[in-house]
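Structure at a glance
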Amino acid sequence: MDAKQLRQQQQLVDHQHRDSHSHSPAYQALLRAGPRIRPLQQVHAQIVVLGKCRSLALLTKLLTLACAAGSIVYTRRLFHTVPDPDSFLFNSLIKGSSKLGFPKDAVFFYRRMGLASILPSNYTFTSVIKACADLSALRLGREIHSHVLVSGYGSDSFVQAALVAFYAKSGDLCVARKLFDKMPEKTVVAWNSMISGYEQNGFSREAIGLFYQMREWGVEPDSTTFVSVLSGCAQLGAIGLGCWVHDYVVSHGFDVNVVLGTSLINMYSRCGNVTKAREVFDLMSERNVISWTAMISGYGIHGYGREAMELFGQMRVHGPRPNNVTFVSVLSACAHAGLIQEGRCAFADMRSEYGLVPGVEHHVCMVDMLGRAGLLNEAYQFVKELNPGELAPAIWTAMLAACKMHKNFDLGVQVAEHLLAVEPENPGHYVLLSNIYALAGKMDRVELVRNMMIRKGLKKQVGYSTIEVGQKTYLFSNGDKSLPEIEEVYQYLDELMSRCREAGYAPAPASVMHELEEEEREYALRYHSEKLAIAFGLLKTSTGLTIRVVKNLRMCEDCHSAIKYISIVSNREIIVRDRLRFHHFNNGSCSCLDYW
DNA sequence: CTAGGGTTAG
């Protein structure tokens, strides 16, 4: 043993020596108890017996351990027994409750701190602002922001980053961005807060734009940055950028942890490449419920019900315990693949095997599954057997969609009128009702519903589609002429459609089209956004490459049929992700087998 | 006698 090793060993011995003698027996007992309620209660009793319940150091440790044990109730009770809490105790408590998911309590303790006239520090603020972010409590957060300024912590970079994240999460992106822009030194965390803020509010393009700007500024991204950027790619269907991120992560030796791995799975499956998603899944060294659920849901949205159920079976044997979200993925996979019996079993197992209580989402999946399969009576029976408190509008919407699909006008009209009564401001219900009337040929009723919408000033959701070409995403929307090449696209599409007609495509008659679509149809603009995006993709990419389009609404039947023909005449694979699922068009047929 | 932060997935 050389001198250096000897010294190290001596230090170790000293350390242990100090450790075992510098703490009181009660403190040591707390350390031994750890974050476990029963042992902590026993030590608490000892502390009381020893007459040490005025020792703030002991009480602070006891409180933070109680909080770490997940029992906020016990923590609260203990707090009320502390005679004269100091700033150390308050800070520990606020940090603990905020970090462990008890934001309301964090705010409560912050208030008590103020009442006790104890000044908050920058540490206090980072924790309590995070609590406000978790609560999306805009007013409260603004108030605390003013305390930050008064206390002179406005230029603390941790507090600033926390504020950026808070405003972004609470939906006030403008204020978040103003704060961010004013930050003199923008840390990676500040960039991450702003990027994820854009992404989580649905502004993926802005999120990705900011990511490019971050690189221009020479700030090195970390795995958190990539998680947000990949989520943005997943939303936009930007597979090129997604692959670039994946390459970057691998070539720069980043550790693909559970979170990053899961967001890669999500990105690949939502960009249309489930095979690649599965590769990532298989290579991950650690997988949790979220990773398994992401993979199952990936299979589901592509209509690969068998694969989804196969993986779910493996999960039940070797994997983590499935939770409510897992069952949403499983049930919707069953719904999209027509696996009725499997779906019924899974729904029953939820409660009996896993003790999970089905919520609205699960009921919606069941109605959707039964309804798609044409089992309208069973679906309706299922709805009627729910408790009145469980009858969310979404359940009726699923029922209505099933009525429309299987042309059950009487039930459909009944359901739609019920929906209009419950949610008179939701334009989607009017669209569905008018669709049903149009299918039934009751054009006077269609007009009536339409006028009702106009009178209420309700607008249909605007449909748009995106396509990525050369790592840049292009957005197409009905009537939007901002793209310089748009005339060329229209011209090419006209040509394409006439070739489709030669191949046997019969467009839906204009009179039906007019009311059937979820998108506004203007006569001057002949095409839905997905057709425009596909035409653009065909023009801009070389033969043999797959066309991938993402649409925000559901595809209409006419487009669905037209794209089958486009896949023939252009001899290309075309993948369209609509609001609910993927459609892989190849050589005249679609992977959904027309089972929507 | 006591710690130390803000950002991330389904």
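Note that the structure is predicted; figures quoted are calculated from it, not measured. (Residues numbered from 1 in each chain as written. Chains lettered and ligands numbered in written order. Predicted model: local features only at pLDDT ≥ 70, side-chain atom pairs only at ≥ 80, totals over all residues. Heavy atoms only, no water.)

Attention now goes to the overall build of chain A. A tally of helices and strands in chain A yields 31 helices and 6 strands. With the C-alpha coordinates aligned to their principal axes, the bounding extent of chain A is approximately 90 × 55 × 50 Å. Looking at chain A as a whole, 49% of its 596 residues qualify as buried. When contacts within chain A are restricted to residue pairs at least 6 apart in sequence, those whose partners lie at least 24 apart make up 64%. Roughly 28,600 Å² of accessible area belongs to chain A as shown, and the carbon and sulfur atoms make up 53% of that amount. Of the charged side chains in chain A, 62 are positive and 58 negative; the average position of the first set lies 6 Å away from that of the second. (Helix = DSSP H or I, 4+ residues; strand = E, 2+ residues; numbered from the N terminus. Buried < 20%, exposed > 50% of the residue type's maximum accessible area, 1.4 Å probe, protein only. Contact = heavy atoms within 4.5 Å. Areas by Shrake-Rupley, 256 points an atom, 1.4 Å probe, with all protein chains shown as cover. Lys, Arg positive; Asp, Glu negative; His and termini not counted. Charge placed at Lys NZ, Arg CZ, Asp CG, Glu CD.)

A separate point is the domain arrangement of chain A. What the domain assignment reports for chain A is domain 1 (23-124) and domain 2 (465-590). The gap between the C-alpha centroids of domain 1 and domain 2 is 61 Å. (Domains from an automatic or database assignment.)

Considering soluble globular proteins, one finds that nonpolar side chains tend to be buried as a cluster. Counting residues in hydrophobic clusters, the biggest one holds 144 residues, and the most contacted among them are Ile129 and Met399. The greatest single-element share of this core, amounting to 8 residues, is contributed by helix 10 (residues 157-169). Counting 35 residues, the second-largest nonpolar core is a separate cluster that includes Ala533, Cys556, Cys559 and Ile574. (Core = buried A, V, L, I, M, F, W, Y, C linked by side-chain atoms within 4.5 Å.)

Relative to the 18 Å expected for 13 residues at 1.5 Å per residue, helix 18 (residues 289-301) spans 18 Å between its end C-alpha atoms, a close match to the ideal helical length. What helix 18 keeps buried is the set Ser291, Trp292, Thr293, Ala294, Met295, Ile296, Gly298, Tyr299, Gly300 and Ile301. Residues of helix 18 that are buried in the fold lie against helix 16 (258-270), helix 17 (274-283), helix 19 (305-318), helix 20 (324-337) and strand 5 (582-586). Capping the start of helix 18 is the job of one residue whose side-chain oxygen sits 3.0 Å from the backbone nitrogen of Ile290: Asn288. Looking one or two places after helix 18, you find Gly303, whose phi comes out positive at around 85°. (Expected span 1.5 Å × (residues − 1). Polar contact = N/O pair within 3.5 Å; in protein donor to acceptor, adjacent residues only side chain to side chain.)

Attention now goes to the UniProt feature "repeat: PPR" (unreviewed entry) in chain A. With numbering aligned to this structure, UniProt lists the feature "repeat: PPR" (unreviewed entry) at residues 86-120, 187-221, 257-287 and 288-322. Between the first and last C-alpha atoms of residues 86-120 the distance is 11 Å; the span itself is 74% helix and 0% strand. For residues 288-322, the end-to-end C-alpha separation is 10 Å, with 77% helix and 0% strand making up the annotated structure. (UniProt positions renumbered as here; feature names shortened; annotations may be inferred.)

This next bit is on the packing of helix 18 against helix 19. Their axes nearest at 8 Å, the elements helix 18 and helix 19 cross at an angle of 160°. Overall, the two elements helix 18 and helix 19 adopt an arrangement that is roughly antiparallel. The handedness of the crossing between helix 18 and helix 19 is left-handed. Between helix 18, through Val289, Trp292, Met295, Ile296, Tyr299 and Gly300, and helix 19, the contact on the second element is made entirely by Glu307, Ala308, Leu311, Phe312, Gln314 and Met315. Among the residues making up the contact of helix 18 with helix 19, the classes are represented as 9 nonpolar, 2 polar and 1 charged. (Axes fitted to C-alpha atoms, helices over the stretch in contact; angles between N-to-C directions. Parallel < 35°, antiparallel > 145°, perpendicular 65-115°, else oblique. Left-handed = near helix turned anticlockwise from the far one by under 90°. Nonpolar A, V, L, I, M, F, W, Y, C, P; charged D, E, K, R; others polar.)

Taken as a whole, this structure holds 24 aromatic pairs when the rule is applied. Geometrically, the ring pair formed by Phe211 and Phe226 is edge-to-face, given 6.3 Å between the ring centres and 70° between the ring planes. One end of the pair, Phe211, is in helix 13 (residues 204-216); the other, Phe226, is in helix 14 (residues 223-236), with 15 residues separating them in the sequence. A ring pair is formed by Phe226 and Tyr248, whose centres lie 5.5 Å apart and whose planes are at 55°; its orientation type is tilted. Placement of the pair is Phe226 in helix 14 and Tyr248 in helix 15 (residues 239-251), with a sequence separation of 22 residues. Of the two residues examined, Phe226 and Tyr248, each falls in the buried class. By the ring-pair criterion, three or more aromatic residues cluster together here, those being Phe211, Tyr212, Phe226, Trp244, Tyr248 and Phe254. (Phe/Tyr/Trp six-rings, centres within 6.5 Å; stacked < 30°, edge-to-face > 60°.)

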